[in-house]
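# Structural overview
So the chains spell out like this:
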Amino acid sequence: MLGLVVGHAAVALRRRIGPAEVEVAISIATPFLAAMLSEAAGVSVAVVIVVAALTVTVRAVDRQTGQAISSPEARLVARHVWSEAEVMLSAALYFLVGRSLPEALAALSHYGWLRLDLIAAALLALVLALQFVLAMLVMVMPWTPHMPGEDGRPAGVLRVAVVGAWSPHRSAIALGLALAVPTTTIDGRPFPDRDLVLALISLLVLGSGLLQGTTLPALLG
């Protein structure tokens, strides 16, 4: 409910603001506002931010008139701002994981590299299968537009679902979630299997980037 309130408030403000810079500033401030309110209310920060973001996304375009809440100039500025922010945040997360991973791997020496790699590969296969199922569900929805193929005719549902499932790879969000796992529990004991979570997610991200990033051009072809 808190996320819905924050999301609707952000949409209402952005509809009434003209300057693109101010609108982008509000879009950047929205997750921070959601985090502050969720901390004050004692609820999950991640859930509130995600619900607020989904609310803004759903309300971004008026379904009756087709009018967007943002001006073309604001959308262009926001795209560049968020692209730069994504690069900086991703770099910071990779740096933090690089500092934490050697210690985590040292604590998991009894598992062995082969076992960790196999588990990470199984997780990656599970995520890709789930993405494929979700992509298939989206493609069969009546309101989903048909994707054109190279010859201009609609591409097959299966082909589009495969590309849709293979295109997004695991990156900064997965690393952020892994780093968010606390080192200790509330009573001060070490958080169980934190090193295992960090190591598996890091291997998952690395494997996803190498596998999907290097094979996507061939798949698209």
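Provided above is the structure to which this section pertains.
This one's a predicted model, so the numbers in the text were calculated from it and none came from an experiment.

A count of helical and extended segments in the protein chain gives eight helices and zero strands. Secondary structure elements of the protein chain, listed N to C terminal, follow the sequence α-α-α-α-α-α-α-α. When its C-alpha atoms are laid out on the principal axes, the protein chain stretches across 60 × 50 × 30 Å. Split by element, the accessible area of the protein chain, about 14600 Å² in all, is 71% carbon and sulfur.

On to the pattern of salt bridges, then. Two side chains of opposite charge can pair, provided their charged atoms sit close to one another. Under the criterion given, the structure shown has two salt bridges. Salt-bridge contacts for Arg189 lead to Asp187; the nearest nitrogen and oxygen are separated by 2.9 Å. This pair shows no difference in class: Arg189 is exposed, exactly as Asp187 is.

A few words on the packing of helix α2 (residues 20–41) against helix α3 (residues 45–58). Where α2 contacts α3, the two axes come as close as 9 Å, and the packing angle between them is 140 degrees. Taken together, the axis directions place α2 and α3 in an arrangement best described as oblique. Considering how the two elements wind past one another, α2 and α3 form a crossing that is right-handed. Along the contact surface, α2 presents Pro31, Ala34, Ala35, Ser38 and Glu39, while α3 presents Val45, Val48 and Ile49. Counted by class, the contact of α2 with α3 contains six nonpolar, one polar and one charged residues.

Moving on, we get to unusual backbone geometry. One non-glycine residue with positive phi stands out, namely Asp193, at about 65 degrees. Here Asp193 is to be found in the loop between α7 (172–180) and α8 (194–220).

The subject of this paragraph is a nonpolar patch on the surface. Taken together, the side chains of Leu130, Val133, Leu134, Leu137, Val140, Met141, Trp143 and Val157 present a nonpolar region at the surface, about 780 Å² in accessible area. Of the residues forming the nonpolar patch, the biggest block, four residues, is contributed by helix α5 (residues 113–139). Position of Val157 among the secondary structure elements: in helix α6 (residues 157–166).

Moving on to the nonpolar core. Core analysis: the largest hydrophobic core is formed by 14 residues, its most contacted members being Leu93, Val97, Leu175, Leu179, Leu198, Ile201 and Val205. Every element with two or more residues in this core is listed here: α4 (72–107), α5, α7 and α8.

Each value, and the rule that gives it
- Numbering of residues starts from 1 in every chain and runs along the sequence as written.
- pLDDT decides what is reported in this predicted model: residues at 70 or higher carry local features, side-chain atom pairs at 80 or more are listed and counted, and totals for whole chains, interfaces and linings draw on all residues regardless.
- Excluded from the side-chain calculations are hydrogens and water; all other atoms, namely the structure's heavy atoms, are used.
- Each helix is a run of DSSP H or I of at least 4 residues and each strand a run of E of at least 2, with the numbering of both proceeding from the N terminus.
- In short, Shrake-Rupley with a 1.4 Å probe defines the accessible areas, and a residue's cover is counted only from the protein chains shown.
- Put simply, a salt bridge is a Lys or Arg side-chain nitrogen that is within 4 Å of an Asp or Glu carboxyl oxygen.
- Accessible area is worked out with a 1.4 Å probe on protein chains only. A residue is then buried under 20% of its type maximum, exposed over 50%, and partly exposed in between.
- The convention used is that axes are lines fitted to C-alpha atoms, helices contributing only their stretch in contact, and that angles between N-to-C directions extend from 0 to 180 degrees.
- Here is the rule for angles: anything less than 35 degrees is roughly parallel, anything more than 145 is roughly antiparallel, 65 through 115 is roughly perpendicular, and the remaining ranges are oblique.
- Crossing chirality is assigned from the near helix's rotation relative to the far helix, an anticlockwise turn below a right angle marking it left-handed and a clockwise turn marking it right-handed.
- The criterion used for residue contact is that any of the two residues' heavy atoms lie within 4.5 Å.
- Under this grouping Gly is polar, as are all residues other than the nonpolar Ala, Val, Leu, Ile, Met, Phe, Trp, Tyr, Cys and Pro and the charged Asp, Glu, Lys and Arg.
- Note on patches: the residues involved have over 30% relative accessible area and no salt bridge, like charges join within 9 Å, and the nonpolar side chains Val, Leu, Ile, Met, Phe, Trp and Tyr join within 5 Å.
- Each nonpolar core is a collection of buried residues, namely Ala, Val, Leu, Ile, Met, Phe, Trp, Tyr and Cys, held together in the definition by side-chain atoms within 4.5 Å.

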